[in-house]
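# Structural overview for review
As a plain string of letters, each chain reads:
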Amino acid sequence: MSWRGVVLALATIGLMGPVTAFAADLRRVESVGVVAVDEDDSGSSTHRDLAVGAAVARAVERVAKAVLPDDWSGGVSETDEEPGEGEIAPGLAPALGSDPFEYATRFRIVEDRGIRPALLSRSDAETEYVVLVEVFVDAGRIEERLAAVGWTDDPSGAQATRVRLVLEGLDSFEAYDALRRTLVEELRVRSAVPLEFSRGRAVLAVDGDYGPEALLAALVDSTEPGLRVVPVRQEAETLTVLVDWTAPLAPAERSAPPPAEQARDAD
């Protein structure tokens, strides 16, 4: 699997998987989606899909801003950088990621206004495609992500310890998956939210009952087959570890005789 594929898989498992037991809090939002249409563009279905994605993104942003404190300013202001079509605004992306569909349980087009003279899109295009979409947004999941990066209080009301866990030496998606599975299933942390990804490295915000030293001890003692965690360094609330992963043999491979014995049997 390429590292581009790994990042997509991490986004799916790390951001969509149920890592806590927060109750669902669905909020219905009617949102307008707009996408600029150039003169040489063709294919209304593509424009409609992009406009729907933009509508879902704006709905997710509205719910997130309703949850955030009034004085929250974010890491990047909305005037510094425009979000891509169908992407969450850069100011919210460090907590929520860029894909708004992770927070939309369902949606439907209420009104397809089609192509019309540009009025709402921020571009030089003379026309735009506009839709009105009804979106049901999972506010509970949004609250979880915002709390994981410290922008809001933990919605469960529990007093969790937050550790920034840096994973080095990742050579496959399976290595990351084994480590995260250990956190969620074996150590029962409240959340393990991916913050950064790069080749061979990932950063998680881990909320649970473990401080850095306790979390390291628990990971070193993990019973996850094939996983070995080696401490690298600890700085305040940041813990850096090396992930050594060896895929366990499948049952058929464990029971198969060595190649030399197979050759003798064949003779």
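Please read these numbers as outputs of a predicted model, since none were measured by experiment. Per chain, residue numbering runs from 1 following the sequence as it is written. Residue-level local features of this predicted model are given only where pLDDT is at least 70; pairs of side-chain atoms are given and counted only at 80 or more, and the full residue set underlies all totals for whole chains, interfaces and linings. With hydrogens and water stripped out, all remaining heavy atoms of the structure feed into the side-chain values.

## Some remarks on the sheet that holds strand β4 (residues 161-168)
Strand pairing is defined by DSSP finding a minimum of two bridges between the two strands. Labels follow the DSSP assignment, with helices taken as runs of H or I lasting at least four residues and strands as runs of E lasting at least two, numbered in each case from the N terminus. What the 5 strands build is an open sheet, ordered β5-β6-β4-β8-β7; its pairing is mixed. At either end of the open sheet lies a strand with only one pairing partner, and these are β5 (191-198) and β7 (227-235). Neighbour to neighbour, the strand axes of the sheet diverge by 25° on average, direction disregarded. By the bridge criterion, 8 bridges tie β4 to strand β6 (residues 201-208) in an arrangement that is antiparallel. Bridged to L165 within β6 is L204. Note on definitions: a residue-residue contact is assigned when non-hydrogen atoms from the two residues lie within 4.5 Å. Helix axes use the C-alpha atoms of the stretch in contact, all axes being lines fitted to C-alpha atoms, and the angles between their N-to-C directions lie in the range 0 to 180 degrees. Where helix α4 (residues 139-148) meets the sheet, it contacts β4, β5 and β6, and its direction lies at approximately 65° from that of β5. Sheet strands touched by helix α6 (residues 212-220): β4, β6, β7 and β8 (238-245). Its angle to β7, the strand with the most contacts, is close to 160°.

## Overview of the confidence of the model for the protein chain
Across the chain, each position has a pLDDT score giving the predictor's confidence in that residue, from 0 to 100. On average, residues of the protein chain carry a pLDDT of 78, and 74% of them reach 70 or more. β8 holds the highest mean pLDDT among the elements of the protein chain, 93, whereas helix α1 (residues 3-16) holds the lowest, 39. Per-residue pLDDT stays below 50 along residues 1-23; that stretch engages in 53 contacts with residues further than four places along the chain or on separate chains. Across residues 76-80 the pLDDT falls below 50, and counting only partners more than four positions away or on other chains, this stretch makes 4 contacts in the model.

## Section: the sheet that holds strand β3 (residues 127-138)
With antiparallel pairing, 3 strands are arranged side by side in an open sheet as β1-β3-β2. Every other strand in the sheet has two partners, leaving β1 (26-37) and β2 (104-117) as the edge strands with one partner each. The mean angle between the axes of side-by-side strands here comes to 15°, regardless of whether they run parallel or antiparallel. Examined bridge by bridge, β2 and β3 share 11 bridges and lie antiparallel to one another. What sits directly across from R106, in β3, is F136. On top of the sheet, helix α2 (residues 44-67) reaches β1, β2 and β3; it is set at about 135° to β1, its chief contact. Where α4 meets the sheet, it contacts β1 and β3, and its direction lies at approximately 85° from that of β3.

## Notes on α6
Restricting attention to buried positions, one finds in α6 the residues P212, L215, L216, A218 and L219. Take α6 and look down its axis: the buried residues cluster within an arc of 165°, on one side only. Next to the buried residues of α6 lie β4, α5 (173-186), β6, β7 and β8. Relative accessible area decides the class of each residue, using a 1.4 Å probe on protein chains only: under 20% of the type maximum gives buried, over 50% gives exposed, and in between gives partly exposed. The directions from the helix axis to the C-beta atoms are what the arc is built from.

## Remarks on the environment of G226
Mapped onto the elements, G226 comes out in the loop between α6 and β7. Among the residues examined, G226 registers a relative accessible area of 34% and is labelled partly exposed.

## Examining the pairing of β3
Burial runs high along β3: 11 of the 12 residues are buried. Both β1 and β3 contribute to a ladder of 12 bridges, which runs antiparallel. For V35, the partnering residue across the bridge sits in β3 and is Y129.

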